[in-house]
Amino acid sequence: MQQTSQRTLAVLGATGSIGTQALDIVRRCPDRFRATCLTAQFSSEALFALAREFRPRVAALRAEPKVIPDDLRDIEWFFGPDATVRALLASGAQDALCAIVGIAGLDAVWAALDVCERVLLANKEALVTGGDLVTQKAAARNVPLLPVDSEHSAIFQCLQARQGNPVRRLILTASGGALRDWDRARIYHATVRDVLAHPTWNMGGKITVDCASMVNKGLEVIEAHHLFAMPADRIDVVIHPQSIVHSMVEFEDGAVLAQLGNPDMRGPIGYAMGWPERVPYGAKPLDFAALGHLDFAAPDPDRFPCLGMAVAALKEGGSAPVILNGANEAAVAAFLQEQIPFGRIPELIGRALDAVPRTDIRAIADVYDADRAAREVVRAAL
Ligand code: NDP
Ligand code: MG
């Protein structure tokens, strides 16, 4: 299978962990990909450096810098709160890699579904909150929503072998995060430093905190529900500390297909970028003899209550996942600013879920209303 033409890519959240790894693939495969739009929030120097290397047609920063360097003035620049979307629209890029963190990336996903041929989705919070609205729009416009999250990429890859057969169960693996083996009391007082020391993946701050609380796995159950139209009770989570098995699909005859690889996000990013072709980005081969064994265990709901809270929110539906997500984003921000101990994150999510009245989500405006209400509860509690 030979890709004949170069694809143009908008990298939304270009300075982040996912964005820079995607650009590394562009760097390694210049005949296959061209980054025509790069965006960031505040990191102007980092974006300037990327713009210098990749020469996009357009670029955006949420916060306007004092000056644009002379050698970057031929690029069309956008600034302000809606700069990402305006840049995306102006870029004409075929594909959008949505790698902004949090619900802040929802507008970009929504716009990408209007104008792009394919949406490469890292920004799981857009799907957790936008949920059915996002998947319905993707289906209506016939735009593939290609997962970048490693578990969902694994499932997507396993499903290529489905041949029309029904799926019995999706099994998401979880590293267990930095606090996997800690006791409850110690988890409560974990510091920012403790939490950011992820055992297997090197990621942005917010998702690393989410991994430590295991709310990330809950968000991923919701993400899997939307991506693969699978009910919550047919999505299981298993702890797998080595992060080698990226996730699995079980069929009705009991056969389980798994996707394996070293923990390197360029694998799932590249799979989405090149789909249906695989991109040889220089991955290290798996050395099974060196690995020796792979371990699996059940998650512990006492020490990590956020996973169960997220699954319950999915089962409840409506605005519940939006409230959970908004409260989590606000609580994680407070934790990273050392305003609250780590153990208050589940408490604040629970408080928002208790306090915010449920609504139907019929339009994106309903999502933002529920998000705002959840954040308000957290803010008041701080
Ligand atoms: P990072 O924090 O590393 O990067 C986020 C990027 O988005 C940065 O470029 C940042 O710009 C930009 N950004 C943040 N907020 C805004 C905003 N309000 N408006 C415009 N741009 C903004 O995050 P990650 O790369 O780790 O994660 C991105 C997404 O991918 C998340 O949803 C995460 O859950 C998901 N994901 C990440 C994985 C990983 O390995 N990192 C794995 C699986 C999923 P600036 O640098 O200027 O702040
Ligand atoms: Mg993941």
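Provided above is the structure to which this section pertains.
Residues numbered from 1 in each chain as written. Chains lettered and ligands numbered in written order. Predicted model: local features only at pLDDT ≥ 70, side-chain atom pairs only at ≥ 80, totals over all residues. Heavy atoms only, no water.

Student: Teacher, can you tell me more about the nonpolar core here?
Tutor: Across soluble globular proteins, nonpolar side chains show a tendency to be buried alongside one another. Membership of the largest hydrophobic core comes to 137 residues, with the highest contact counts inside it found for Trp77, Leu179 and Phe342. No other element matches the ten residues that helix 14 (residues 320-336) contributes to this core. Composition of this core by domain shows at least three residues from each of domain 1 (7-147) and domain 2 (152-261 + 286-316). Setting aside residues no more than four positions away along its own chain, Phe342 makes contact with Leu179, Ile187, Tyr188, Ala190, Val195, Val209, Ala212, Ser213 and Phe335. (Core = buried A, V, L, I, M, F, W, Y, C linked by side-chain atoms within 4.5 Å. Buried < 20%, exposed > 50% of the residue type's maximum accessible area, 1.4 Å probe, protein only. Helix = DSSP H or I, 4+ residues; strand = E, 2+ residues; numbered from the N terminus. Domains from an automatic or database assignment. Contact = heavy atoms within 4.5 Å.)

Student: Got a minute to help me understand the site of ligand 1 in this structure?
Tutor: The local shell around ligand 1 holds 25 residues, among which Thr15, Gln41, Phe42, Ser43 and Glu125 are the closest. With respect to ligand 1, the backbone of Ile18 contributes an N or O atom lying 2.9 Å from an oxygen atom. Burial of ligand 1 by the protein chains amounts to 89% of its free accessible area of 890 Å². Looking at side-chain class alone, the shell around ligand 1 contains twelve nonpolar, nine polar and four charged residues. Lining the shell around ligand 1 are residues from two domains, each supplying at least three of them: domain 1 (7-147) and domain 2 (152-261 + 286-316). (Near = heavy atom within 4 Å. Polar contact = N/O pair within 3.5 Å; in protein donor to acceptor, adjacent residues only side chain to side chain. Areas by Shrake-Rupley, 256 points an atom, 1.4 Å probe, with all protein chains shown as cover. Nonpolar A, V, L, I, M, F, W, Y, C, P; charged D, E, K, R; others polar.)

Student: Help me understand the coordination of the magnesium ion (ligand 2), please; the structure alone is not making it clear to me.
Tutor: When four donors bind a metal tetrahedrally, each ideal donor-metal-donor angle is 109.5 degrees, and when six bind octahedrally, the ideal angles are 90 or 180 degrees. Taken together, Asp149 (OD), Glu151 (OE) and Glu220 (OE) make up the full set of protein donors to the magnesium ion (ligand 2), lying 2.0 to 2.2 Å away. Written as a sequence motif, the donor residues of the magnesium ion (ligand 2) are D-x1-E-x68-E. Remark: Glu220 occurs in helix 10 (residues 215-228) and Glu151 occurs in helix 6 (residues 150-159); sequence separation between them is 69 residues. Per residue, the accessibility class of Glu151 equals that of Glu220, and both read buried. (Donors = N, O, S within 2.8 Å, 3.2 Å for Na, K, Ca; no water.)

Student: Explanation requested: the pattern of salt bridges in the structure shown.
Tutor: Pairs may arise between side chains of opposite charge once their charged atoms sit close together. Following the criterion strictly, the structure yields 33 salt bridges and no others. Between Lys206 and Asp210 there is a salt bridge, and its shortest N-O distance comes to 2.6 Å. With a gap of four residues between them, Lys206 and Asp210 both fall in helix 9 (residues 205-213), about one helical turn apart. This pair shows no difference in class: Lys206 is buried, exactly as Asp210 is. A single network of salt bridges, built from pairs that share partners, joins Asp24, Arg27, Arg28, Glu53, Asp264 and Arg266. (Salt bridge = Lys/Arg side-chain N within 4 Å of Asp/Glu carboxyl O.)

Student: Please explain the environment of Asp74 as it appears in this structure.
Tutor: Inspection of the secondary structure puts Asp74 in the loop between strand 3 (58-61) and strand 4 (76-79). C-alpha separation for the pair Asp74 and Arg57, spaced 17 residues apart in sequence, amounts to 8.2 Å. Separated by 2.9 Å, the side chains of Asp74 and Arg55 make a polar contact.

Student: Can you help me understand the packing of aromatic side chains in this one?
Tutor: Centre distance and the angle of the planes are the two values used to describe a pair of aromatic rings. Considering all chains together, one arrives at five aromatic pairs under this definition. An angle of 5° between the planes, with centres 6.2 Å apart, marks the rings of Trp77 and Phe79 as stacked. Relative to Phe342, the ring of Phe335 lies with its centre 5.3 Å away and its plane at 70°, an arrangement referred to as edge-to-face. This pair shows no difference in class: Phe335 is buried, exactly as Phe342 is. (Phe/Tyr/Trp six-rings, centres within 6.5 Å; stacked < 30°, edge-to-face > 60°.)

Student: What is the right way to read the sheet that holds strand 1 (residues 7-12) from this model?
Tutor: Adjacent strands of a sheet pair through backbone hydrogen bonds, lying either parallel or antiparallel. Taken in spatial order, the seven strands line up as 4-3-2-1-5-6-7 in an open sheet, and their pairing is parallel. Both edges of this open sheet fall to strand 4 and strand 7 (145-147), since each of them pairs with a single strand only. Neighbour-to-neighbour, the strand axes of the sheet open up by a mean angle of 20°, direction not taken into account. In this sheet, strand 5 (residues 95-98) lies alongside strand 1 in parallel orientation, the contact comprising four bridges. Considered in strand 5, the bridge of Val11 is made with Leu97. Packing of helix 1 (residues 17-28) onto the sheet brings it into contact with strand 1, strand 2 (33-40) and strand 5, and relative to strand 2 it is tilted by some 160°. (Pairing = 2+ DSSP bridges. Axes fitted to C-alpha atoms, helices over the stretch in contact; angles between N-to-C directions.)

Student: Would you explain the sheet that holds strand 10 (residues 245-251) in this entry?
Tutor: Within the open sheet, the four strands sit side by side as 9-8-10-11. Their pairing is mixed. The open sheet has two free edges, formed respectively by strand 9 (235-239) and strand 11 (256-260), since each of these has just one partner strand. This sheet shows a mean twist of 20° between the axes of neighbouring strands, independent of strand direction. The sheet contact formed by strand 8 (residues 167-174) and strand 9 spans five bridges and is parallel. Counted as the bridge partner of Thr173 is Val238 from strand 9.

Student: Could you clarify how one ought to interpret unusual backbone geometry in this entry?
Tutor: With the exception of glycine, most residues fall at negative phi, and the peptide bonds are largely trans. Note the cis peptide between Trp275 and Pro276, where omega equals 5°. If you trace the backbone, Pro276 turns up in the loop between helix 11 (266-274) and helix 12 (288-291). For Gln163, which is not glycine, the phi dihedral falls at a positive 55°. By secondary structure assignment, the location of Gln163 is in the loop between helix 6 and strand 8. Relative accessible area serves as the criterion here: at 69%, Gln163 is assigned to the exposed category. Even without being a glycine, Met214 presents a positive backbone phi close to 70°. Examined against the element boundaries, Met214 turns out to sit in the loop between helix 9 and helix 10.

Student: When you look at the packing of helix 6 against helix 10 in this model, what are you seeing that I'm missing?
Tutor: Helix-helix packing is characterised by the crossing angle of the two axes and by the distance between the axes. Running from N to C, helix 6 and helix 10 point in directions that differ by 35°, and their axes come no closer than 10 Å. For helix 6 against helix 10, the interelement crossing comes out right-handed. Across from Glu151, His152, Ile155, Phe156 and Leu159 in helix 6, the residues of helix 10 making contact are Lys217, Glu220, Glu223, Ala224, Leu227 and Phe228. When its residues are assigned to classes, the contact of helix 6 with helix 10 shows six nonpolar, one polar and four charged. (Left-handed = near helix turned anticlockwise from the far one by under 90°.)

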